[in-house]
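The chain contents come next:
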Amino acid sequence: MAITNQYTWLITGCSRGIGLELTKQLLELPSNFIIATCRDPSKATALNSLKSSAKGTLQIIRLDVDDRESMMQSVEEVSAIVGEKGLDYLINNAAINQEIDTAFTMNIDGWAQVFKTNVAAPAFMAQIYLPLVERSEKKTIVNVSSSLGAFGYGFGETWASYAITKTALNMLTYKQKAERPDINVVCLCPGWVKTDMGGDDAPLTLTESVAGVVKVITSLRPEDSGRLINYRHEIVPW
Ligand SMILES: NC(=O)c1ccc[n+]([C@@H]2O[C@H](COP(=O)([O-])OP(=O)(O)OC[C@H]3O[C@@H](n4cnc5c(N)ncnc54)[C@H](OP(=O)(O)O)[C@@H]3O)[C@@H](O)[C@H]2O)c1
């Protein structure tokens, strides 16, 4: 059945953490149609359990952002689901990190994998999903990034290999905007959040961070496009 009166969303990495919470909060509104993706839907128990209380619509599909075939297969599935409505919001959320490392100690070979997941995958996703995004009303791509990738943030020497991939993701966003000013594309920092990646010392709960993230994404201003913004809707200096 054709999707009417709903915004369509595709989110990567919804098995846990920010992707899962984002799916949960977006499903509180009937006006949202969420395609939540993860590497193995059969094992995504928490994600599957959202179906019972969802006010919006939830479809779960398999998508491994390290696997080109899986990505191409997902485009076919998503095209069939959204049809002429297109994809209002493409949320590149999935990411990984290595051990917390520094420039002089980081595992250089492992870093290639981090770069693949955190930078090459969002770049390829944007390329293959562009026709669906172009067709939509909101035409929005969100690259979930981090202030750790901003030079002025002053976090010091740690998280080196991860931070460098986020700097690259920020530049990807800038380049996407420069090439396609008609598309809304932002990199968005959710803050430091208690997740498997963020750890227990993080000051923000998932609920707090993602409430901000939802508000920011659904109220993007023209001046945000091509910029790094945070969950409080502040533009973060590069
Ligand atoms: N937490 C923070 O403090 C913080 C701060 C700034 C930015 N961020 C960013 O926020 C985003 C989400 O982070 P998080 O804290 O929620 O991380 P997380 O708890 O570690 O969750 C990462 C998610 O990404 C998925 N993922 C990893 N590799 C994948 C692949 N190849 N294909 C598909 N999914 C894959 C994981 O799926 P599996 O379960 O299959 O592994 C999981 O669902 C990331 O972009 C991260 O860099 C987080």
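Residues numbered from 1 in each chain as written. Predicted model: local features only at pLDDT ≥ 70, side-chain atom pairs only at ≥ 80, totals over all residues. Heavy atoms only, no water.

Engineer: Please give an account of the packing of helix H1 (residues 17-26) against helix H6 (residues 206-218) that cites residues and values.
Structural biologist: Orientation of H1 relative to H6, taken along the N-to-C sense of each, is 65 degrees, at an axis distance of 9 Å. In this structure, the crossing between H1 and H6 has a hand that is right-handed. For the pair H1 and H6, the contacting residues are Gly17, Ile18, Glu21, Leu22, Gln25 and Leu26 in the first and Leu206, Thr207, Val210, Ala211, Val213 and Val214 in the second. Within the contact of H1 with H6, the residues separate by chemical class into eight nonpolar, three polar and one charged. (Axes fitted to C-alpha atoms, helices over the stretch in contact; angles between N-to-C directions. Helix = DSSP H or I, 4+ residues; strand = E, 2+ residues; numbered from the N terminus. Left-handed = near helix turned anticlockwise from the far one by under 90°. Contact = heavy atoms within 4.5 Å. Nonpolar A, V, L, I, M, F, W, Y, C, P; charged D, E, K, R; others polar.)

Engineer: Which residues make up H1, and what values go with them?
Structural biologist: For H1, a buried count of nine out of ten residues is recorded, marking the element as mostly surrounded by other parts of the structure. Listed in full, the buried residues belonging to H1 are Gly17, Ile18, Gly19, Leu20, Glu21, Leu22, Thr23, Gln25 and Leu26. Residues of H1 that are buried sit in contact with strand E1 (7-11), strand E2 (32-38), helix H2 (45-49), strand E3 (57-62), strand E4 (89-92) and H6. (Buried < 20%, exposed > 50% of the residue type's maximum accessible area, 1.4 Å probe, protein only.)

Engineer: Account for the site of the ligand, naming residues and giving values.
Structural biologist: Near the ligand you find 28 residues, and of these Ser15, Asn93, Tyr162, Val193 and Thr195 are the closest. One of the side-chain N or O atoms of arginine 39 is found 2.8 Å from an oxygen atom in the ligand. Aspartate 66 is positioned such that a nitrogen or oxygen atom in its side chain is 3.1 Å from a nitrogen atom of the ligand. In the complex, the protein chains occlude 92% of the 910 Å² of accessible area that the ligand would expose alone. Elements with a contribution of two residues or more to the shell around the ligand: H1 and helix H5 (160-179). Across the shell around the ligand, the residue classes break down as twelve nonpolar, ten polar and six charged. (Near = heavy atom within 4 Å. Polar contact = N/O pair within 3.5 Å; in protein donor to acceptor, adjacent residues only side chain to side chain. Areas by Shrake-Rupley, 256 points an atom, 1.4 Å probe, with all protein chains shown as cover.)

Engineer: Residues and numbers for the pairing of strand E6 (residues 184-189), please.
Structural biologist: In terms of residue burial, E6 counts as a mostly covered element, since five of its six residues are buried. Where strand E5 (residues 140-144) and E6 come together, five bridges link them in parallel fashion. Opposite valine 142, over in E6, you have valine 186 as the bridge partner. Two strands pair when backbone bridges link them, and E6 and strand E7 (residues 228-230) are joined in this way by three bridges, in the parallel orientation. In the strand pairing of E7, cysteine 189 is matched with asparagine 230. (Pairing = 2+ DSSP bridges.)

Engineer: Break down the packing of aromatic side chains for me, with residues and values.
Structural biologist: One pair of aromatic rings is described through two measures. These are the centre distance and the angle between the planes. With the rule as written, the count across this model stands at three aromatic pairs. With centroids separated by 6.4 Å and ring planes inclined at 80 degrees, the aromatic side chains of tyrosine 7 and tyrosine 89 adopt a geometry described as edge-to-face. Linking tyrosine 7 in strand E1 with tyrosine 89 in strand E4, this pair joins segments that are 82 residues apart in sequence. Here the aromatic rings of tryptophan 9 and tyrosine 89 are separated by 3.9 Å at their centres, their planes lie at 20 degrees, and the arrangement is stacked. In this pair, tryptophan 9 sits in strand E1 while tyrosine 89 sits in strand E4, placing the two residues 80 residues apart along the sequence. Pair check on accessibility: tryptophan 9 and tyrosine 89 agree, each one buried. Taken together through their ring pairs, the aromatic side chains of Tyr7, Trp9 and Tyr89 make up a single cluster. The ring of phenylalanine 124 has arginine 68 sitting right over it, with the charged end atom 4.3 Å from the ring centre. (Phe/Tyr/Trp six-rings, centres within 6.5 Å; stacked < 30°, edge-to-face > 60°. Lys NZ or Arg CZ within 6 Å of the ring centre and 35° of its normal.)

Engineer: I'd like a description of the sheet that holds E1, backed by residues and values.
Structural biologist: Pairing is parallel in the open sheet, where seven strands are placed in the order E3-E2-E1-E4-E5-E6-E7. Two strands in the sheet have a free side with no partner beyond their single neighbour: E3 and E7. Sheet twist, expressed as the average angle between the axes of neighbouring strands with direction ignored, equals 25 degrees. Its contacts with the sheet put helix H3 (residues 68-82) on E1, E2 and E3, and the angle it makes with E3 is roughly 155 degrees. Together, E5, E6 and E7 form the strand contacts of H5, whose direction differs from that of E6 by roughly 160 degrees.

Engineer: Can you break down a nonpolar patch on the surface residue by residue, with the values?
Structural biologist: Together, Met171, Tyr174 and Trp238 make up a nonpolar patch on the protein surface, roughly 320 Å² of accessible area in all. Tracing the sequence through the fold places tryptophan 238 in the segment after E7. (Patch = residues over 30% accessible without salt bridge, like charges linked within 9 Å, V, L, I, M, F, W, Y side chains within 5 Å. Salt bridge = Lys/Arg side-chain N within 4 Å of Asp/Glu carboxyl O.)

Engineer: Any chance you could break down the pattern of salt bridges for me, citing the residues and the numbers?
Structural biologist: Inspection of every chain in the model, using the stated rule, returns eight salt bridges. A salt bridge links lysine 43 to aspartate 40, with the shortest nitrogen-to-oxygen separation between them at 3.6 Å. Using a relative accessible area of 66% as the deciding quantity, one classes lysine 43 as exposed. In this structure aspartate 40 comes out as partly exposed when scored by relative accessible area, which is 30%. Taking the shortest distance from any N to any O, the salt bridge between arginine 232 and glutamate 234 comes out at 3.4 Å. One network of salt bridges, in which partners are shared, links Glu134, Arg180 and Asp182.

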